[in-house]
Every structure is written in C-alpha cells, then in structure tokens.
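Observations on chain architecture
Below, each chain spelled out in residue letters.
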Amino acid sequence: MLEQTGFVDVEIGPEWDTFGGAEGEANARAFDVRGYAFVARLPG
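Residues numbered from 1 in each chain as written. Predicted model: local features only at pLDDT ≥ 70, side-chain atom pairs only at ≥ 80, totals over all residues. Heavy atoms only, no water.

Quick word on the confidence of the model for the protein
A low pLDDT score tells you not to read the predicted coordinates there in detail. Cut-off, in case you're wondering: The predictor reports its confidence for every residue as pLDDT, a score running from 0 up to 100. Secondary structure elements follow DSSP: runs of H or I of four or more residues count as helices, runs of E of two or more count as strands, with numbering from the N terminus.
Across the protein, the average pLDDT comes to 90, with 100% of residues at or above 70. Within the protein, no element has a lower average pLDDT than helix H1 (residues 25–30), which sits at 86, and none a higher one than strand E1 (residues 8–16), at 95.

Some details on a nonpolar patch on the surface
What counts, and what does not: Patch definition: residues above 30% relative accessible area lacking any salt bridge, with like charges linked at up to 9 Å and the nonpolar side chains Val, Leu, Ile, Met, Phe, Trp and Tyr linked at up to 5 Å. The Shrake-Rupley method, run with a 1.4 Å probe, gives the accessible areas here. Residue values count only the displayed protein chains as cover. One side-chain nitrogen of Lys or Arg within 4 Å of one carboxyl oxygen of Asp or Glu is enough to make a salt bridge.
A contiguous nonpolar surface patch, about 350 Å² in accessible area, is contributed by Ile12, Tyr36 and Phe38. Tracing the sequence through the fold places Phe38 in strand E2 (residues 35–41).

Focus on unusual backbone geometry
At Asp9, a position not held by glycine, the phi torsion is positive, near 55°. Looking at the secondary structure, you find Asp9 in strand E1.

Describing the environment of Gly13
Worth spelling out the cut-off: Each residue gets one of three labels from its accessible area relative to the maximum for its type: buried under 20%, exposed over 50%, partly exposed in between, using a 1.4 Å probe on protein chains only. Any two residues whose heavy atoms approach within 4.5 Å at even a single point are treated as in contact.
Its location among the elements puts Gly13 in strand E1. You can call Gly13 partly exposed: its relative accessible area is 26%. C-alpha separation for the pair Gly13 and Gly35, spaced 22 residues apart in sequence, amounts to 9.5 Å. In this view, Gly13 contacts Tyr36 and Ala37; residues no more than four positions away in its chain are not counted.

A short note on the pattern of salt bridges
Per the stated rule, a full pass over the model turns up 5 salt bridges. A salt bridge links Arg41 to Asp9; the nearest nitrogen and oxygen atoms lie 3.0 Å apart. Within this pair, whereas Arg41 is found in strand E2, its partner Asp9 is found in strand E1, the two being separated by 32 residues in sequence. Look at Arg41 and you get partly exposed, because its relative accessible area is 44%. Among the ionic pairs, Arg34 bridges to Glu15, the shortest N-O distance being 2.7 Å. In this pair, Arg34 is assigned in the loop between H1 and E2 and Glu15 in strand E1, connecting sequence segments 19 residues apart. One salt-bridge network, in which partners are shared between bridges, spans Glu15, Asp32 and Arg34.

See the structure below:
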C-alpha cells in the first residue's frame, strides 16, 4: 500500500504486541490486531 501511494525504500520490521497490557487488549485480541513498525521515504 505504501509503494502504491509513492513511497520507496519501504522497510517493515517484525510484528510486536501493540496492545499488551493496555485497557483495550481484550478487544484487540478479539479482532486479531497486530502492530508493525516501518520506515519509508517519499521521493522528491
């Protein structure tokens, strides 16, 4: 999706537990929410 909108040099890191210990953790688990850090560059 990032590349389709013009970003280049996209790097996606490993999955991490975004909601672990948070108030909405149960809801996140019910909807299988996952987090990924990423870096991308927009040329120009």
